[in-house]
Amino acid sequence: MPGLLRVTTAGSVNDGKSTLIGRLLQDAKAIFDDQFAAVSAASRRRGRDEADLALHVDGLREEREQGITIDVAYRYFGTPRRAFVLADTPGHVEYTRNMVTGASTADVAIILADARHGLVEQCRRHAAIAGLLRVRHVVLAVNKMDLVDFAEEAFDRIAGDFDQLARRLGIPSWTAVPISALHGDNVVARSGRTPWYSGQSLLAHLETLEIPAVDDAGTRFVVQLPVRADADGNYQGYAGRVASGTLHAGDTVTVSPGGWTTRVTAIDTFDGALEEAPTGRSVVVRLADDREIERGGLLSTGAVPAVSGSLVATACWLTDEPLRPGERYRIRHATGEVAALVDAVESRLDVSTLDSMPTDELGLNDIGTVRLRAAERLVLDRYTESRVTGGFLFVEDSSGAPVGAGLVEHPTRA
Amino acid sequence: MKSSLVDTPRYDREAGLTDLEDESIHILREVATNYERPVLLFSGGKDSLVLLRLAEKAFWPGRIPFPVMHVDTGHNFPEVLESRDRRIDELGVRLIVARVQDSIDAGRVTEVPGQPRNPLQTVTLRDAIAEHGFDAVLGGARRDEEKARAKERVFSVRDESGRWDPRNQWPELWQLYSGKPRHGYHMRVFPLSNWTELDIWSYIRRERLALPSIYFAHERVVVPRDGMLIAVTPHTPVTEEESPRVEMVRYRTVGDTTCTGAVRSTAATLDDIVGEIATTRLTERGATRADDRTSDASMEDRKREGYF
């Protein structure tokens, strides 16, 4: 049964992203009359005859004044078939970090390309981020088809380029749709002006898309907090959320970092006990052993995660101050927050060629490979096997602010 | 190939609500373990009742490990205060009431006669956060309510004065929410960020939560004012030009009586309300809140000053 679909949108400046979102929202009746009236009035004040839906999408005064998107905005709309959370992220390279924010929780990324210009560097960067963060499905929306007379060749050329890119980036599943956001072609309804296109409209595609589960690490459950009931001192459980896989009552699980095994005796919730808890469920787990597990402890089935303080990771750098060897950060991971030293910065990804270039620092919006050494051990999976236990943040100690995103490539021996 | 609705599964709102509930519970538990002094803002209105229910579930079978706080403008609907107190008693949590009237009496804010007290709440809230040393403040705001809210993180870092700086929001990745900020900054946390008004009502129906009666259709003496129906109360007296009348109304949002309008409605049950919200063409704030009508960016401006 389709539940919520989390979608992120990305595109270069002027690719028509705000227009596309405005049209999707309006045609899905997700722009209410009072919002539309406010947008119309604001458009008139700016001397425009037609309602400029970008003024609705761009929620901050500065965005409306400058006609750009600065930060992620979240939109909610539903159709009879599905409900959507849309993370609308800025296109400008300066705001790549905000795209990373949107992509990290998305099931689907819509990447816009201008039919006249093809896959410009920003499209490649967005595809690289979607691939890197393992967004499970990408929709390439080839926009402004009206400006190339709805030519099949223009669409095929861009889709062909994207095919090569997707292969190199390891994007597991993707679809290209030729659209005109301005005129509505293939956005909500199939267009008569692309008879050569046999696929669905963008919205119909999103409504019917089956999102495959891709976390292969086995079942992972991270303890958020140990629970002891006041009234009944005998109750000892562990509250947390299933990070990947499905946890069953009766499962034999490995407890990390200790490495011992025990059995799940019950999966409890306020609303009653469950026989099984799928990915994403927040539950309280009871175990056969009464050995204490602390916050950050991890229960697993299948391959046992590594317990290590040293790792090689891909970093997406999100702040002006560069990432350099010898710098110290805190690493914030599902299983703990620990001090860490940057041992080495090995390479930087050139997003136009997708080649790794040797470097010794990563600047704002750079993506590259680094070696880290943490003061304490963490329970780690490769990011390609689990988004939750394979991802971490670099945190600046002085402010507590996250300054980079980290994806575990592999743990190393300390 | 043309697809049809017949062979496509329809959206399963129950499954969607469970997804949202799981996410909110995760957030509430993160707050409890990462912060020393959290507090949950609770007004007795529908969103805060849902938030408190989620907190009840998040820490079950234990108790909610932090107090709740009501920033009280003094212009309340009595039914809402009753609902607030009933829930507090049921859960056995500690209630802190921070009064706007105290801020006025202490000279911290100046009341403009005839103007709503909602903007004054900001100072009362900031003072209460400082007085109690709260480092995480949980609120029931949703991103679908307003376009500036749509831009805010779930964990929203605020400076010493509670101000939101939309240009310098912290990145928020995966389920790894931001931890503790340094320098006397604190965190506002919105576990209902991804809920819509329809989700809230569907959840209230599913959980059979008791709501203040003013959310359901009833007869009330109102005056039309600024395109809204304002209840006639001691705080909102009738002016000479106005002619009060009895209308069948209900409230879609509940706030300060002076700036919250009623809507014409015959929705008497939760089923009726879910049906009404599913088909409405007006947002809840557009229909009922005078405080958002001041300018195109009034919510953004208030948040920059430290509002919820």
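Throughout, a residue's number is its position along its own chain's written sequence, starting from 1. To label them, take the chains in the order written and letter them from A, then take the ligands in the order written and number them from 1. This being a predicted model, a pLDDT of at least 70 is required before a residue's local features are given, and a value of 80 or more before pairs of side-chain atoms are given or counted; all residues contribute to the totals for chains, interfaces and linings.

Some words on the overall build of chain A
Helix numbers and strand numbers start at the N terminus; a helix is a DSSP run of H or I with at least 4 residues, a strand a run of E with at least 2. Summing up its helical and strand segments, chain A has 9 helices and 21 strands in all. With the radius of gyration taken over C-alpha atoms, the globule rule is written as 2.2 Å times the number of residues to the power 0.38. Computed over its C-alpha atoms, the radius of gyration of chain A comes to 23 Å, within 12% of the 22 Å expected for a compact globule of 414 residues. On the principal axes, the C-alpha backbone points of chain A span a range of 70 × 50 × 40 Å. The contact rule is simple: place each C-beta atom from the backbone, and if two of them lie within 7 Å, those residues are in contact. For chain A, the proportion of contacts with a sequence separation of at least 24, taken over those separated by at least 6, is 68%.

Notes on the overall build of chain B
Helix and strand content of chain B: 9 helices and 10 strands. Computed over its C-alpha atoms, the radius of gyration of chain B comes to 20 Å, within 12% of the 19 Å expected for a compact globule of 308 residues. Principal-axis analysis of the C-alpha atoms gives chain B an extent of 65 × 55 × 40 Å. Neighbour density around each residue's C-beta defines its exposure: 20 or more other C-beta atoms within 10 Å make it buried, 12 or fewer make it exposed, and counts between make it partly exposed, where C-beta atoms are placed from the backbone. In chain B, which comprises 308 residues, the share counted as buried stands at 53%.

Digging into the interface of chain B and chain A
Counting residues at the interface gives 54 residues for chain B, matched by 63 residues for chain A. The greatest single-element share of the side of chain B that touches chain A, amounting to 10 residues, is contributed by helix H1 (residues 13-34) of chain B. Considering only residue class, the side of chain B that touches chain A consists of 19 nonpolar, 15 polar and 20 charged. Residues were grouped as follows: Ala, Val, Leu, Ile, Met, Phe, Trp, Tyr, Cys and Pro as nonpolar; Asp, Glu, Lys and Arg as charged; and all remaining residues, including Gly, as polar.

Regarding the nonpolar core
Within the largest apolar cluster, 185 residues are counted, with the highest numbers of intra-cluster contacts made by Ile-111 and Ala-141 of chain A. In terms of residues, this core owes the most to one element, helix H2 (residues 46-59) of chain B, which gives 8 residues. In contact with Ala-141 of chain A, not counting residues within four places along its chain, are Leu-20, Ile-110, Ile-111, Leu-112, Val-177, Ile-179 and Leu-202 of chain A. Think of a nonpolar core as buried Ala, Val, Leu, Ile, Met, Phe, Trp, Tyr and Cys residues, each tied to the set through C-beta atoms within 7 Å. Residues Ala-38, Val-39, Leu-53 and Leu-55 of chain A belong to the second largest nonpolar core, which totals 5 residues.

Describing helix H7 (residues 152-169) of chain A
All names here are of chain A. Look at H7: 25 Å from first C-alpha to last across 18 residues, which is about the 26 Å you get at 1.5 Å a residue. Every buried residue of H7 is listed here: Phe-155, Ile-158, Phe-162 and Leu-165. An end-on view of H7 places all buried positions within 90° of arc, on one side of the element. Across from the buried face of H7, at angles greater than 90 degrees, the exposed residues are Glu-153, Gly-160, Gln-164 and Arg-167. Of the surrounding elements, those touching the buried residues of H7 are strand E4 (108-114), helix H6 (121-132), strand E5 (137-143) and strand E6 (174-178). For a helix, the expected span equals 1.5 Å multiplied by the residue count minus one. Here the arc refers to the set of directions running from the helix axis out to each C-beta atom.

Focus on the pairing of strand E3 (residues 95-99) of chain B
The side chains of a regular strand alternate between both faces of the sheet. All names here are of chain B. Sheet topology places strand E2 (residues 68-72) next to E3; 5 bridges connect them, and they run parallel. Each bridged residue has a counterpart across the sheet, and for Val-71 the counterpart in E3 is Ala-98. The handedness of the E2 to E3 crossover, carried by helix H3 (residues 78-91), is right-handed. Criterion used throughout: strands pair if DSSP finds at least two bridges between them. Looking down the strands as they point away from the viewer, one classifies a crossover as right-handed if the path from the first strand across the helix to the second runs clockwise.

Points about the pairing of strand E8 (residues 236-244) of chain A
Residues and elements named next belong to chain A. By the criterion of burial, E8 is predominantly enclosed, with 8 of the 9 residues buried. Sheet analysis places E8 next to strand E13 (residues 282-287), joined by 4 bridges and oriented antiparallel. From the neighbouring strand, Ala-239 faces E13, where its bridge partner is Val-284.

Focus on the packing of helix H6 (residues 197-207) of chain B against helix H7 (residues 270-279) of chain B
All names here are of chain B. Between the N-to-C directions of two axes lies an angle of 0 to 180 degrees, each axis being a line fitted to C-alpha atoms and, for a helix, fitted only over the stretch in contact. Packing of H6 against H7 brings their axes to within 9 Å, and their N-to-C directions diverge by 165°. Viewed along their axes, H6 and H7 adopt a mutual orientation that is roughly antiparallel. Crossing angle aside, the handedness with which H6 passes H7 is left-handed. Contact with H6, carried on its side by Glu-197, Leu-198, Trp-201, Ser-202, Ile-204 and Arg-205, involves Leu-270, Asp-271, Ile-273, Val-274, Ile-277 and Ala-278 of H7 and no other residues of that element. Tallied by class, residues from the contact of H6 with H7 come to 8 nonpolar, 1 polar and 3 charged. Convention used here: angles under 35 degrees read as roughly parallel, angles over 145 as roughly antiparallel, angles from 65 to 115 as roughly perpendicular, and any remaining angle as oblique. With the far helix as reference, a near helix turned anticlockwise by less than a right angle produces a left-handed crossing, and one turned clockwise produces a right-handed crossing.

Here we look at the confidence of the model for chain B
Confidence scores here are pLDDT values: one per residue, from the predictor, ranging 0 to 100. Looking at chain B as a whole, the pLDDT averages 84, with 92% of positions reaching at least 70. The complex model carries a pTM of 0.90, and its ipTM stands at 0.89.

Focus: the sheet that holds strand E8 (residues 228-231) of chain B
All names here are of chain B. Pairing is antiparallel across the open sheet formed by 4 strands, whose spatial order is E8-E7-E9-E10. Strands with a single pairing partner mark the edges of an open sheet, and in this sheet they are E8 and strand E10 (263-264). When strand E7 (residues 218-225) meets strand E9 (residues 245-250), the two strands line up antiparallel, connected through 5 bridges. Among the inter-strand pairings, Glu-219 is bridged to a residue of E9, identified as Met-248.

Topic: the environment of Arg-63 of chain B
All names here are of chain B. Residue placement: Arg-63 occurs in the loop between H2 and E2. C-beta crowding within 10 Å serves as the criterion here: with 15 such atoms nearby, Arg-63 is assigned to the partly exposed category. Considering only alpha carbons, one finds Arg-63 and Leu-91, 28 residues apart in sequence, at a separation of 7.9 Å.

What to know about unusual backbone geometry
The omega torsion of the bond from Ser-256 of chain A to Pro-257 of chain A falls at 10°, within 30 degrees of zero and hence cis. Within the secondary structure, Pro-257 of chain A sits in the loop between strand E10 (252-256) and strand E11 (260-268). Here the amide bond leading from Trp-60 of chain B into Pro-61 of chain B is cis, since omega sits at 0°, within 30 degrees of zero. Among the structural elements, Pro-61 of chain B can be located in the loop between H2 and E2. We note that Arg-134 of chain A has phi near 60°; this positive angle belongs to a residue other than glycine.

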